[in-house]
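# Residue-level structural notes
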Amino acid sequence: MKELFPAKQVMGFVASLVLTLIALLVVFTDMSYTAGMTILLVTAFIQATLQLVVFMHAGETEDGWAIYSNILFGIVIVVLSVLGTLLILLWDM
Amino acid sequence: MKIDHSQPLEYSTHQNQLNILGFWIFLGAEIMLFGTLFMGYFTLEGRTGAGPTPAQIFEITPVLIETFVLLTSSFTIGLGIHAMRLGRKNAMLSFFAITLLLGLVFLGVEIYEFMHYYHVGATYQTSAFTAALLTTLGTHGAHVTLGLFWGLFIILQVKKRGLTPQTANKSFIFSLYWHFLDVVWIFIFSFIYLKGMM
């Protein structure tokens, strides 16, 4: 039974639960908008990386570089377009 | 077909490796799809018109249930793939079945949530905010629904054909899809719900 629960994945699961609880502080405690958004950005991106590396086995094989550069490409496009949208439509810059 | 025994079954043929890489490229496109939905949501979340604001309609309890259920299902399918690599077919199928049951619970709570929005007067036509919200949540929910059927067929095929390079490859690719849905949910949870209730 024990070999069915590898330490790496159990730790990954516990870490994602802890990160979720930290993110919840934003709602259940009184904090500024900037502090809250900083916490959310940090916990969300760590959690996403955790899923990618621990659970999705990205980078385990020889073509890991292709997988990572493809995902990075997607993220760069998204970050650029989301930031660009916010910049022009919401922050009036 | 050349089978490389030094690799896990799902990677054991050249075709299998290409299938997995191809699916990652699809996931890259999915990142951009959800990125555009977030773009629309961030732009429109303040445009509530005569309708409710995010803080007025979001309920923390269903969101917490959805989050923990989906996180756990991502963990159990990871255990399923681990069991598959050990060649433990029955353990793998059990983990996959648990994953799909959790997915079903997630979907049930999300349907409840959508009914709640309807009852408090936040429908697709209410405001730009509700339209952007329901489109984003709905696209994720539709992905989960598709995943439930896909996962069911994977289970049936592994049951029927056993663990071969082909079925292991399909199972692994399905697990990538399921983990990806959890990744998207992390961003929905953080930047739609928690941000809206902050």
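Residues numbered from 1 in each chain as written. Chains lettered and ligands numbered in written order. Predicted model: local features only at pLDDT ≥ 70, side-chain atom pairs only at ≥ 80, totals over all residues.

### Re the overall build of chain A
The helix and strand inventory of chain A stands at 3 helices and 0 strands. Its C-alpha radius of gyration of 17 Å places chain A more than 25% over the 12 Å reference for a compact globule of 93 residues. For chain A, the spread of C-alpha atoms along the principal axes amounts to about 55 × 35 × 10 Å. Out of the 93 residues in chain A, the part that is buried amounts to 24%. Long-range contacts, defined here as pairs at least 24 residues apart, represent 40% of the contacts in chain A between residues at least 6 apart. (Helix = DSSP H or I, 4+ residues; strand = E, 2+ residues; numbered from the N terminus. Rg over C-alpha atoms; globule rule 2.2 N^0.38 Å. Buried ≥ 20, exposed ≤ 12 C-beta atoms within 10 Å, placed from the backbone. Contact = placed C-beta atoms within 7 Å.)

### Notes on the domain arrangement of chain A
Parsing chain A into structural domains produces domain 1 (1-56) and domain 2 (62-93). Using only C-alpha atoms to locate each centre, domain 1 of chain A and domain 2 of chain A end up separated by 21 Å. (Domains from an automatic or database assignment.)

### Observations regarding helix α3 (residues 64-90) of chain A
Over its 27 residues, α3 of chain A runs 37 Å from end to end, which matches the ideal 39 Å to within 8%, given 1.5 Å per residue. Those residues of α3 of chain A that fall on the buried side of the exposure criterion are I67, N70, G74 and V78 of chain A. The secondary structure elements touched by the buried residues of α3 of chain A are α1 (14-44) of chain B. (Expected span 1.5 Å × (residues − 1).)

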